[in-house]
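Tertiary structure, described
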Amino acid sequence: KEATKPLLFLAIGIACLVPILINFAPIGKRIWTPSFAAVTAAITIFLLAIFYILIDRKAREKPPSFPGMYIIEAFGRNSLIIYFGKDLISKLTIQIQVPTANGRISLRQFLVDIFSTWSSHPKIIYALFLLGCWTIVAIILHRRKIYIKA
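Values in this document were obtained by computation on a predicted structure and should not be read as measured data.

So, the pairing of strand β2 (residues 103-106)
One ladder, built from 4 bridges, connects strand β1 (residues 97-100) with β2; its direction is antiparallel. Each residue of the ladder has a partner; that of Val98, found in β2, is Ile105. Taking the residues that link successive antiparallel strands as the turn, the β1-β2 hairpin has 2 residues.

So, in structure tokens, the structure goes:
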């Protein structure tokens, strides 16, 4: 049975609720307003439908062969270790202190300061750096066929 149409209609339906919900509570992530939850749900369901079309439905006809498929598969098969590892590294980089000329700062702030010399948006570069590191970890685990499961 075709699953794409219901997903797309659900995403559109939720997205149509957003203008109504904004009247009651504006979009605000910190307090998870209904409008924020509706926007994120609509985007997530829409992306699910698009990836279903691009990957799952096409895989029935022939195996996917676009270059990013290997990386997506590596992330999907190792999502648990990446999720918890990212959280652990995030907490560790805040706790680990690095000595500097002005005293001690967290490793995270130290890296952000280094990236600020390259870019006017160092936090985005820091996030991309971590994404690159976890991509390498996922690819190495996937090549060795090491999969951590719950």
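Quick word on the side chain of Thr93
Its location among the elements puts Thr93 in helix α4 (residues 79-95). Judged by relative accessible area, Thr93 falls into the buried class, the value being 7%. Those residues within four positions of Thr93 in sequence are excluded, and the remaining contacts are Ser106, Leu107, Arg108 and Tyr126.

As for the packing of helix α3 (residues 69-77) against helix α6 (residues 122-143)
Direction vectors running N to C along α3 and α6 enclose 85 degrees, while the axes themselves pass 8 Å from each other. The angle between the axes of α3 and α6 places the two elements in the roughly perpendicular class. Here Tyr70, Ile71, Glu73, Ala74, Phe75 and Arg77 of α3 lie close against α6, whose contacting residues are Leu131, Trp134, Thr135, Ala138, Ile139, His142 and Arg143. Within the contact of α3 with α6, the residues separate by chemical class into 8 nonpolar, 2 polar and 3 charged.

Describing the environment of His142
Counting through the fold element by element, His142 comes out in helix α6. With 66 residues separating them along the chain, His142 and Gly76 place their C-alpha atoms 9.8 Å apart. Dropping the residues within four chain positions of it, His142 is found in contact with Tyr70, Glu73, Ala74, Arg77, Asn78 and Tyr147. Within the local environment of His142, its side chain forms a polar contact with the side chain of Tyr147, the two groups lying 2.9 Å apart.

Reading the values: rules and limits
Residues numbered from 1 in each chain as written. Predicted model: local features only at pLDDT ≥ 70, side-chain atom pairs only at ≥ 80, totals over all residues. Heavy atoms only, no water. Pairing = 2+ DSSP bridges. Helix = DSSP H or I, 4+ residues; strand = E, 2+ residues; numbered from the N terminus. Buried < 20%, exposed > 50% of the residue type's maximum accessible area, 1.4 Å probe, protein only. Contact = heavy atoms within 4.5 Å. Axes fitted to C-alpha atoms, helices over the stretch in contact; angles between N-to-C directions. Parallel < 35°, antiparallel > 145°, perpendicular 65-115°, else oblique. Nonpolar A, V, L, I, M, F, W, Y, C, P; charged D, E, K, R; others polar. Polar contact = N/O pair within 3.5 Å; in protein donor to acceptor, adjacent residues only side chain to side chain.

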